[in-house]
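Spelled out from the first residue to the last, the chains are:
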Amino acid sequence: MRNSSLGRLRNRLGRAVSRIAAPLLLAAFLSTPSGSPALADNAGNCSGKNILLQLRETDPSRYRAMMDDASKVTNGHSIFWKIEKPGVEPSWLFGTIHSNDAHVLELSDKFHDAFDKIDTLVLELKEVSNPNAIAMELFKHPELTMLPADKTLDHLLPAEETAQIAAGLAKKGIPIAAVLRMRPWFLSMGLLTSCGDPNSKDGYVLDRRLAEQAEENGVDVEGLETPLEQFQAMADLPDEAMMKDLLDVFKLPYSTNDMIKTLVELYSTGNSGLMKAFSEDLSDDKTATLALSKRVIIDRNEVMAKRILPYLDRGNVMMAVGALHLPGDRGVVELLRKQGFTVTAVD
């Protein structure tokens, strides 16, 4: 039974790694291809509730704090930007979310006007339309996903906290004995998964839709990172901090579907600043949040902003990366401005 449970979890996680680009584990469940069997609450049923609307009624002080934090986020009012520099054709910056929700896939006319004319689409991963290749790359490096031989999950935290995590896993049908050797970040990616939109005709999430549409249009598709680089960013996170984060998730009075619904609805409004504030403020324990923000967002923003330059110098490019990479003083929008580009919100 233990081997079969571990095998099923590995299969699910294999499908889940088509894009490990989510900036926070609160948003990481959106990194899985929709429609895949999920360990999330009510897998296949996206009947979650908007947490912000709940907070407004049940915890108005926390709600006001989130809204206040969101209002202070630099460049947090849009997910679609125009990039300009004298002597070069304009390019575009678009924030994505790894979901196939119908509202997510309904892109604006202004977006299509730009997308239909680009010469190059630059994504986080060029391989986004080939999730099996990404999964295989991950499994070439077991040290990223598995703990050392002398270390197990049940010895990362005090016994009382470990028992709480074991209880949380048990509610999802996973005995902790089946996952004792898994790195906490990898386990979390399997647990915090998106249920997907069952009405989607192909199950493809936004990133993959863009990649395949670009290929159909004869547009070059490139990547800013390698799959291994993305996995390494997650694996660099301290195991103890990620285990505490997993415990914190189990303590939240909200389901995975609630978190999914909230972020998807925020994305649909284009309010990346509120997405950022929600992801960072929902938890009271900031240790893991700060580690994630530094390693998985800020560090990678720097890499993306540098690697996109040769493409922007040619012009007529669309850079499409996770929406939470755009806002903030150290977000991609601000970093591009510091490199001499004029970056303005489109809608």
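If you're wondering where the values come from, they're calculated on a predicted model, not measured in any experiment.

*Asks:* Residue-level account of the environment of V264, with values.
*Replies:* With respect to the helices and strands, V264 occurs in helix α14 (residues 256-269). Taking the C-alpha atoms as reference points, V264 and H98, separated by 166 residues in sequence, lie 9.4 Å from one another.

*Asks:* Any chance you could break down the environment of G223 for me, citing the residues and the numbers?
*Replies:* As for its placement among the helices and strands, G223 is situated in strand β4 (residues 220-225). In this structure, the C-alpha to C-alpha distance between G223 and K126, residues 97 residues apart in sequence, is 4.1 Å. Look past the residues within four positions of G223 in its chain and what remains in contact with it is V122, L123, E124, L125 and K126.

*Asks:* Explain the confidence of the model for the protein to me, using residue names and the numbers behind them.
*Replies:* Averaged over the protein, the pLDDT score is 84; the fraction of residues at 70 or greater is 84%. Per-residue pLDDT stays below 50 along residues 1-45; that stretch engages in 140 contacts with residues further than four places along the chain or on separate chains.

*Asks:* Mind laying out helix α10 (residues 184-191), listing which residues take part and the relevant values?
*Replies:* Counting buried residues in α10 gives eight out of eight residues, a clear majority hidden from the surface. Those residues of α10 that fall on the buried side of the exposure criterion are P184, W185, F186, L187, S188, M189, G190 and L191.

*Asks:* Would you mind going over the nonpolar core in detail, with residue names and values included?
*Replies:* Within the largest apolar cluster, 44 residues are counted, with the highest numbers of intra-cluster contacts made by F94, L121, L210, Y267, L282 and M318. By residue number, the principal contributor to this core is α14, which donates six residues. Counting 34 residues, the second largest nonpolar core, distinct from the first, contains L125, A235, M242 and L246.

*Asks:* Kindly report on the sheet that holds strand β6 (residues 342-345), identifying the contributing residues and their values.
*Replies:* Taken together, the six strands give an open sheet; going across it, the order is β4-β3-β5-β2-β1-β6, and neighbouring strands pair in mixed fashion. In this open sheet, the two strands that pair with only one neighbour each are β4 and β6. Going from strand to strand, the sheet's axes swing by 25° on average, the running direction of each strand aside. Each of β3 (120-125), β4 and β5 (317-322) is contacted by helix α16 (residues 286-307), which is oriented at about 140° to β4, the strand it contacts most.

*Asks:* Can you tell me about the packing of aromatic side chains, naming the residues and giving the values?
*Replies:* Under the definition given, this model contains seven aromatic pairs. Plain terms: the ring middles of F139 and F186 are 6.4 Å apart, the flat faces sit at 75° to each other, and that makes the pair edge-to-face. With F139 in helix α7 (residues 131-139) and F186 in helix α10, the pair connects residues that are 47 residues apart, well separated along the chain. Through pairs of rings, three or more aromatic residues link up here, namely F80, W92, F94, F111 and F115. When the ring centre of F341 is taken as reference, the NZ or CZ atom of K85 above it lies at 4.8 Å.

*Asks:* Break down the side chain of S279 for me, with residues and values.
*Replies:* Looking at the element boundaries, S279 is found in helix α15 (residues 272-281). Polar contacts involving the side chain of S279 include one to the main-chain carbonyl oxygen of M275, which spans 3.0 Å.

*Asks:* Explain the pattern of salt bridges to me, and be specific about the residues and the numbers.
*Replies:* If the charged atoms of two oppositely charged side chains come close together, the side chains can form a pair. Within this structure, the stated rule accounts for 18 salt bridges. Close ionic contact of R300 with E124 constitutes a salt bridge, the shortest N to O distance being 3.1 Å. Of this pair, R300 sits in helix α16 while E124 sits in strand β3; the two residues are 176 residues apart in sequence, bridging distant segments of the chain. Between D236 and R295 there is a salt bridge whose closest N-O contact spans 2.8 Å. Of this pair, D236 sits in the loop between α12 (227-235) and α13 (239-251) while R295 is found in helix α16, placing the two residues 59 residues apart along the sequence. Taken together, the salt bridges that share partners define one network made up of K151, R183, D239 and E240.

*Asks:* Break down the packing of α13 against α16 for me, with residues and values.
*Replies:* Running from N to C, α13 and α16 point in directions that differ by 120°, and their axes come no closer than 8 Å. One way to sum up the angle between α13 and α16 is to call them oblique. Crossing angle aside, the handedness with which α13 passes α16 is left-handed. Along its contact with α13, which presents A241, M242 and D245, the element α16 presents T287, A288 and L292. Counted by class, the contact of α13 with α16 contains four nonpolar, one polar and one charged residues.

*Asks:* Describe unusual backbone geometry, with residues and values.
*Replies:* Most peptide bonds adopt trans geometry, and most residues besides glycine take a negative phi value. We note that N75 has phi near 60°; this positive angle belongs to a residue other than glycine. Here N75 is to be found in the loop between α4 (60-71) and β1 (80-85). Here N75 falls in the buried class, since its relative accessible area comes to 8%. Backbone geometry at N316 places phi at a positive 60°, although glycine is not the residue there. Tracing the chain through its elements places N316 in the loop between α17 (309-314) and β5. For N316, a relative accessible area of 17% translates into the label buried.

The rules behind each value
Residues numbered from 1 in each chain as written. Predicted model: local features only at pLDDT ≥ 70, side-chain atom pairs only at ≥ 80, totals over all residues. Heavy atoms only, no water. Helix = DSSP H or I, 4+ residues; strand = E, 2+ residues; numbered from the N terminus. Contact = heavy atoms within 4.5 Å. pLDDT = per-residue confidence, 0-100. Buried < 20%, exposed > 50% of the residue type's maximum accessible area, 1.4 Å probe, protein only. Core = buried A, V, L, I, M, F, W, Y, C linked by side-chain atoms within 4.5 Å. Pairing = 2+ DSSP bridges. Axes fitted to C-alpha atoms, helices over the stretch in contact; angles between N-to-C directions. Phe/Tyr/Trp six-rings, centres within 6.5 Å; stacked < 30°, edge-to-face > 60°. Lys NZ or Arg CZ within 6 Å of the ring centre and 35° of its normal. Polar contact = N/O pair within 3.5 Å; in protein donor to acceptor, adjacent residues only side chain to side chain. Salt bridge = Lys/Arg side-chain N within 4 Å of Asp/Glu carboxyl O. Parallel < 35°, antiparallel > 145°, perpendicular 65-115°, else oblique. Left-handed = near helix turned anticlockwise from the far one by under 90°. Nonpolar A, V, L, I, M, F, W, Y, C, P; charged D, E, K, R; others polar.

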